[in-house]
Amino acid sequence: KVVEKANKCNALTIGITNTKGSIIANECKYNLWNDVDEAKSYAATKTYTSSLYLLIALIHELTGHEDLNLESNKVINALNEGFNHYEEIKTLAPVLKNAENTLVMARGKDLSLAMELALKIKETSHYPVHAYPCSEFYHGPIVMVSEKTPTILFGIDKVTNDNILKMIKDLKTLNAKTIAFTNNQEIANEADNAIYYNIDDKYAIFTSAIILQLFTNELSVLRGNNPDFHKVLEHIDTI
């Protein structure tokens, strides 16, 4: 309905879809195809990762900024780097095994990672997880912080890493356990736990996407859940 109304207003509508012939694909004036095969888990992962690539490539074409000019082989290397940290991820997941509430933070373009991780944990581990931009977290939500609110932070952008580092230091004074996914060694050293990957800022978002997905999967299984399915979905299908 949103796209339909936008078309009536002569807006430019672009669909990013993984299914040719879908409602969105047919309704939008232009389409970008993920083309990453069938989604076999309700917690979509391939489509999120490929959508990141498509959006960055689109913005590069619109702006011409070389910082957004992706080389395919380096994207693939960045994705593989995420898988290289699987053993670390398995040892890190128990930190959140008994968590009742979790915070996830980032800033700037990396906020999409924080929002995606929060969504994936909620979908597969079924407990409250809240994503915030660091800049807004100070304006009220910080009062939630205690030793009972483990916090995950993404630090993969030199433009905003100083903000992430300051947030980690502030959270530690409030006794919150911090976990960092980062390509910045200072952030990794400051956090209570960290996964560090030596990947350039431009490609680190892809490494981070794989790491957050593997982390979510491990945490879900550790908490006794099925990361691919939930019985509630059967009920929804009958509505």
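Here the structure is a predicted model, which is why all the values come from computation and not from measurement.

A. Structural view of the packing of helix α4 (residues 72-83) against helix α10 (residues 201-222). Look at α4 against α10: their axes get within 7 Å of each other, and the N-to-C directions meet at 30 degrees. By the angle between their axes, α4 is roughly parallel relative to α10. Note on packing geometry: the crossing formed by α4 with α10 is right-handed. Contacts between α4 and α10 involve Lys74, Val75, Ala78, Leu79, Glu81, Gly82 and Phe83 on the former and, on the latter, Tyr203, Phe206, Thr207, Ile210, Ile211 and Leu214. When grouped by side-chain class, the residues that make up the contact of α4 with α10 number nine nonpolar, two polar and two charged.

B. View of the packing of aromatic side chains. Summed over the entire model, instances satisfying the criterion amount to four aromatic pairs. Where Tyr53 meets Phe206, the ring centres are 6.4 Å apart and the plane angle is 55 degrees; that geometry is what we call tilted. You can see Tyr53 sitting in helix α3 (residues 46-63) and its partner Phe206 sitting in helix α10, a full 153 residues away along the chain. Seen from their ring centres, Phe181 and Phe215 are 5.7 Å apart, and the 70 degrees between their planes marks the pair as edge-to-face. Pair noted here: Phe181 is in strand β6 (residues 178-182) and Phe215 is in helix α10, with a separation of 34 residues, a long-range link.

C. Region of the structure containing the side chain of His85. Following the sequence through the fold, His85 ends up in the loop between α4 and α5 (86-92). Once you skip the residues sitting within four places of it in the chain, His85 turns out to touch Ile195, Tyr196, Tyr197 and Ile211.

D. Structural context of helix α6 (residues 111-125). When the terminal C-alpha atoms of α6 are compared, their 21 Å separation across 15 residues agrees well with the 21 Å that a helix rising 1.5 Å per residue should span. Of the residues making up α6, those classed as buried are Leu111, Leu113, Ala114, Glu116, Leu117, Ala118, Lys120, Ile121, Thr124 and Ser125. Where α6 is buried, its residues touch α3, β3 (102-106), β4 (129-133), β5 (151-155), β6 and α10. A positive phi of about 60 degrees marks His126, the residue just after α6.

Calculation rules
Residues numbered from 1 in each chain as written. Predicted model: local features only at pLDDT ≥ 70, side-chain atom pairs only at ≥ 80, totals over all residues. Heavy atoms only, no water. Axes fitted to C-alpha atoms, helices over the stretch in contact; angles between N-to-C directions. Helix = DSSP H or I, 4+ residues; strand = E, 2+ residues; numbered from the N terminus. Parallel < 35°, antiparallel > 145°, perpendicular 65-115°, else oblique. Left-handed = near helix turned anticlockwise from the far one by under 90°. Contact = heavy atoms within 4.5 Å. Nonpolar A, V, L, I, M, F, W, Y, C, P; charged D, E, K, R; others polar. Phe/Tyr/Trp six-rings, centres within 6.5 Å; stacked < 30°, edge-to-face > 60°. Expected span 1.5 Å × (residues − 1). Buried < 20%, exposed > 50% of the residue type's maximum accessible area, 1.4 Å probe, protein only.

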